[in-house]
Amino acid sequence: MQQLFTGTYYFPANSQAESAEVRVNGDTLNLYYQQQCILATNLSLVSVSSAIPGVAQELSFTDGGKFVIGNTQHRLQLGSGALSAEALEKNKKLIFSAIFLVPLLLWFSIAIALPKLAAGSVKYLPDSVAEQMGRQTFYALQKTILEPSELDTPLREQTITQWQQALDELGLSRKKFQLHVFKSDYFGANAFALPNGTVVITDQLLILLKDKPNAVLAILLHEIGHVEHQHSLRMVAQSVSSSVAIAVIFGDLEGFGEVLIGTGSTLLQNAFSREMESEADQFALNNLVKLGKPPQAFAEAMQSFVQPIDGSSEEHDTDNKSIFRYLSTHPDINERIHAAEQFQPAN
């Protein structure tokens, strides 16, 4: 395909500008000045400006020279094998595809790809990260919403002794998995584990299960399962990765520091996923069997949370609020009770 354009040529390395002519034949471009060819080049080496209505198109050459087409309506055709910016901008299929695919790609990146990558990278983190995160979070909790235990000494010591015996039988480290008993009006009847292995159980939960030591043990093993599977770290990594991605996309990098500082609260405010809860449940059930305890003890523990809620007595209103707090971070309790009741250890 032959093309012919007249316009102004700006010579490289100086301010000289003269009328000139460009002839394009296939992939070859020739520049003529005063009827003489002063430049011959391949079209692929020519930089062509975007086609803006009412603005003359510019052709820039590798030597620094520039040719401006005289007629603002004329456009250099790059051939069927190349797509110009103008062609892309006028392609309705590409426009509508971009409108649909760009948000979809952003959603996939933020909601699926980045969290998956972040969760997968957790196993490569040094132990010092989990240790520091757990220590700082535990310190903050002690200063804010955890109070010294008011339990009778025998019940508290019985729980800790059973805990330590279980750790020894399962070959788990007493140094890593340290159990602490606190009173907490905020947590109510609850138990949780921090990334470094620190486990907290509240007075209210021990009182609720005071006649069910195996049920207490089942809950504590469940919390160990979260630590062993690095659920807290995975949860924080997913939260941070999504927040950072949003900050990068929308240019709010100033808030990146606040995201990292807020990871401690993420440990307490975000509920574990169904997959994580299932993994922790399986860990608890398998290890109950190893300890010679019935796996139904886990179902008994879960059932203890359901029964008070079903009652209509006003005297249980305060306890019910605490129990609801526990259940809010441990969804699908009825399914988990059924799974524990039907649990059969693998041979």
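Note: the structure precedes this text.
Residues numbered from 1 in each chain as written. Predicted model: local features only at pLDDT ≥ 70, side-chain atom pairs only at ≥ 80, totals over all residues. Heavy atoms only, no water.

Undergrad: With reference to specific residues and values, describe the overall build of the protein chain.
TA: Within the protein chain, the regular secondary structure consists of 13 helices and eleven strands. Taking all 347 residues of the protein chain together, the buried fraction comes to 39%. Put simply, of all contacts in the protein chain between residues at least 6 apart along the chain, 58% involve residues at least 24 apart. Counting every atom, the protein chain has about 19800 Å² of accessible surface; 53% of that belongs to carbon and sulfur. (Helix = DSSP H or I, 4+ residues; strand = E, 2+ residues; numbered from the N terminus. Buried < 20%, exposed > 50% of the residue type's maximum accessible area, 1.4 Å probe, protein only. Contact = heavy atoms within 4.5 Å. Areas by Shrake-Rupley, 256 points an atom, 1.4 Å probe, with all protein chains shown as cover.)

Undergrad: Account for the pattern of salt bridges, with residues named and values stated.
TA: When the charged atoms of two side chains lie near each other, side chains of opposite charge can form a pair. Evaluated as defined, the whole model comprises ten salt bridges. In this structure, E147 and K183 form a salt bridge, with 3.7 Å as the shortest nitrogen-oxygen distance. With E147 in strand β8 (residues 147-148) and K183 in strand β9 (residues 178-183), this pair connects stretches of sequence that are 36 residues apart. Looking at E147, the relative accessible area reads 32%, which means it is partly exposed. Judged by relative accessible area, K183 falls into the buried class, the value being 17%. A cluster of three or more residues bridged by salt bridges with shared partners is formed by E147, K183 and D185. (Salt bridge = Lys/Arg side-chain N within 4 Å of Asp/Glu carboxyl O.)

Undergrad: Describe the side chain of T159, and please don't skip the residues or the numbers.
TA: Within the secondary structure, T159 sits in helix α4 (residues 153-170). T159 sits in the buried class, given a relative accessible area of 6%. One polar contact links the side chain of T159 to the main-chain carbonyl oxygen of L155, over a distance of 2.9 Å. Aside from chain neighbours lying at most four places away, what touches T159 is L179, L206, V216 and L220. (Polar contact = N/O pair within 3.5 Å; in protein donor to acceptor, adjacent residues only side chain to side chain.)

Undergrad: Quick one: what's the story with the packing of α4 against helix α6 (residues 213-228), residue by residue and with numbers?
TA: Between α4 and α6, the least distance of the axes is 11 Å, while the angle of their chain directions is 55°. Considering the angle they form, α4 stands oblique to α6. In this structure, α4 crosses over α6, and the sense of that crossing is right-handed. The residues of α6 that touch α4, namely those facing Q158, T159, Q162, W163, A166, L167 and L170, are P213, N214, V216, L217, L220, L221 and I224. Taken together, the residues that form the contact of α4 with α6 break down as ten nonpolar, four polar and no charged. (Axes fitted to C-alpha atoms, helices over the stretch in contact; angles between N-to-C directions. Parallel < 35°, antiparallel > 145°, perpendicular 65-115°, else oblique. Left-handed = near helix turned anticlockwise from the far one by under 90°. Nonpolar A, V, L, I, M, F, W, Y, C, P; charged D, E, K, R; others polar.)

Undergrad: Residue-level account of the pairing of strand β1 (residues 2-10), with values.
TA: Two elements, β1 and strand β2 (residues 17-25), share nine bridges in a ladder whose sense is antiparallel. Note on β2: the bridge partner recorded for T8 is S19. Pairing between β1 and strand β7 (residues 66-69): four bridges, direction antiparallel. Bridge assignment links T8 to a residue of β7, and that residue is V68. (Pairing = 2+ DSSP bridges.)

Undergrad: Describe in detail the packing of α6 against helix α10 (residues 274-290), supporting the description with residues and values.
TA: With their axes 7 Å apart at the nearest point, α6 and α10 run at an angle of 130° to one another. Accordingly, the angle class assigned to the pair α6 and α10 is oblique. In the packing of α6 onto α10, the handedness of the crossing is right-handed. Residues N214, L217, A218, L221, H222, I224, G225, H226 and E228 of α6 pack against M276, E277, A280, D281, F283, A284, N287 and L288 of α10.

Undergrad: Would you mind going over the environment of L205 in detail, with residue names and values included?
TA: Within the element layout of this structure, L205 appears in helix α5 (residues 203-208). Among the residues examined, L205 registers a relative accessible area of 0% and is labelled buried. Spatially, the C-alpha atoms of L205 and F305 are 9.5 Å apart, while their sequence positions differ by 100 residues. Ignoring sequence-local partners within four residues, the contact set of L205 consists of A189, N190, A191, I219 and F305.

Undergrad: I'd like a description of the sheet that holds strand β4 (residues 36-42), backed by residues and values.
TA: Strand pairs in the sheet, formed through backbone hydrogen bonds, run parallel or antiparallel to each other. The strand order β4-β3-β2-β1-β7-β6-β5 describes an open sheet built from seven strands, whose pairing is antiparallel. The open sheet has two edge strands, β4 and β5 (47-48), and neither has a second partner. Pairing geometry for β2 and strand β3 (residues 28-33), over five bridges, is antiparallel. If you follow N25 over to β3, its bridge partner there is T28.

Geometric descriptors of this kind do not, in isolation, establish any biological role.
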